[in-house]
Amino acid sequence: MMIVFLLLLSLLKYTESNWVLEVRLYQYSNPTSRRSDRFCCDTDGVLDGICMNPCDNDFLFCLRVDVTSPSCQYGAYQTGLVAGGDELNFTGVASIGENNVSHPLLFNGTQWPENNQVDFLVRVFDLDPDGSNFIGVIGTPLTYTNASGGPSDIITLRGIRISIEASFDLRCDTNYYGSQCDVFCRTHDEELGHYTCDSQGNKICSGRYDIETNCTMFLPCDPVCNSNQQCIPSNNTCACIDGWRGPACNQCTNCTATPVTPLSTTTMATMIPSTTATSGSLPTNSRRTATIIYASIAVGGLLIITTMVVLIIITLFFVHKRNNKEIRINKWRTTKHQLSTLFIQKTRFQKLLDTYKYMKVTQPPGGFQKVQ
Ligand SMILES: [Ca+2]
Ligand SMILES: [Ca+2]
């Protein structure tokens, strides 16, 4: 059986987990230093029925799905020889046995345990040069409905002749939250987002990053900037765009016009000073620019219309020319057909005439005779 467990240990893979079960060990005791078959661990060290030599203890700690499972799905640790005899105190011990197993023990799973249960198992062996002997087994089911219970009290787990004290603490692994550790949240501060996580796994955006964008973009300026301003979302300020200055960005930098009241906008301000304000207050450069734009639009539109008209005329010309050609061809074909018909009729008539002449020349006296 031990070989089976060792094989399963070698196959065990550790991946990122949702939850962690921490097991702290305290006192282990085998007061009679006997094996599971009641014999002393060392049969040559017996005096008056008393085992004089302690066992050479080797522990296997295992966490599995349930008591029927042959494997340790949530992890297993084999300590190797643990010096100290049959009364061991693991309190405050950082590593156990010649294999230096880290203590407290950590087991983990990637899904919440089915039926809210796991099974903790301890197997103890006596190591000797000629092989190992089975000392005993201790096991207990552990039930958890959520991961927020905190560490348990110290519990004494008892086998037939052995016992061990332990406490258990099931909690969510790093970056997992929720009662069953099924909420994932990992702090980011780069292009994937700028946020931390609260105790429930909710994202808390840094600074002015917007939760609606997964904390990847800043919130829009509040209050919104006017049409002569540009929003600087990182610090929620409105900066004047080119051509404007002043606290409200309503003073033209290249003209002497009186300040105007800019239009409020719900989006980032345009880079061109507004042309919808009172025309009398527009700067000269702005009016000149607007005139050029309107003139360009008018000329462009005229060119497009002219080109379209020319194309239509050319198309109609070619269509008309093609139709005339087809009409002439059809007339020629009709005339040719009529001439062919007249020629055929003329040939037939000529044959009839020749036949009549022949018959007239060869007419016997007394009239025509029936040709046999
Ligand atoms: Ca032995
Ligand atoms: Ca031994």
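Residues numbered from 1 in each chain as written. Chains lettered and ligands numbered in written order. Predicted model: local features only at pLDDT ≥ 70, side-chain atom pairs only at ≥ 80, totals over all residues.

- Per an unreviewed UniProt entry, the recorded name for the protein is Delta-like protein, and the organism is Amphimedon queenslandica.
- In its Function (unreviewed entry) section, UniProt records this for the protein: "Putative Notch ligand involved in the mediation of Notch signaling."
- The UniProt entry for the protein carries the following comment under Subcellular location (unreviewed entry): "Membrane". (UniProt positions renumbered as here; feature names shortened; annotations may be inferred.)

1. Some remarks on the pairing of strand β17 (residues 193-197)
Thinking step 1. Pairing between strand β16 (residues 188-190) and β17: three bridges, direction antiparallel. Of the residues in β17, the one forming a bridge with E190 is G193.
Thinking step 2. Following β16, the chain reverses through two residues before pairing antiparallel with β17.
Thinking step 3. Here β17 runs beside strand β18 (residues 203-205); their pairing, made up of three bridges, is antiparallel. In the strand pairing of β18, C197 is matched with K203.
Thinking step 4. Counted between consecutive antiparallel strands, the loop separating β17 from β18 contains five residues, among which G201 sits at a positive phi close to 90 degrees. (Pairing = 2+ DSSP bridges. Helix = DSSP H or I, 4+ residues; strand = E, 2+ residues; numbered from the N terminus.)

2. Some points on unusual backbone geometry
Thinking step 1. Following H103, the chain continues to P104 via a peptide bond in cis, the omega torsion being 10 degrees.
Thinking step 2. Among the structural elements, P104 can be located in the loop between β8 (101-102) and β9 (105-109).
Thinking step 3. A positive phi angle is found at C249, which is not glycine, with a value near 55 degrees.
Thinking step 4. Structurally, the position occupied by C249 is in the loop between β21 (244-245) and β22 (251-252).

3. Side note on the sheet that holds strand β10 (residues 117-128)
Thinking step 1. With respect to topology, four strands assemble into an open sheet ordered β5-β4-β10-β11, the strand pairing being antiparallel. Two strands in the sheet have a free side with no partner beyond their single neighbour: β5 (76-81) and β11 (131-143). Looking at each pair of strands side by side, their axes are set apart by 10 degrees on average, direction ignored.
Thinking step 2. Pairing analysis gives four bridges linking strand β4 (residues 57-64) to β5, with the strands arranged antiparallel. Within β5, the residue paired with C62 across the bridge is A76. (Axes fitted to C-alpha atoms, helices over the stretch in contact; angles between N-to-C directions.)

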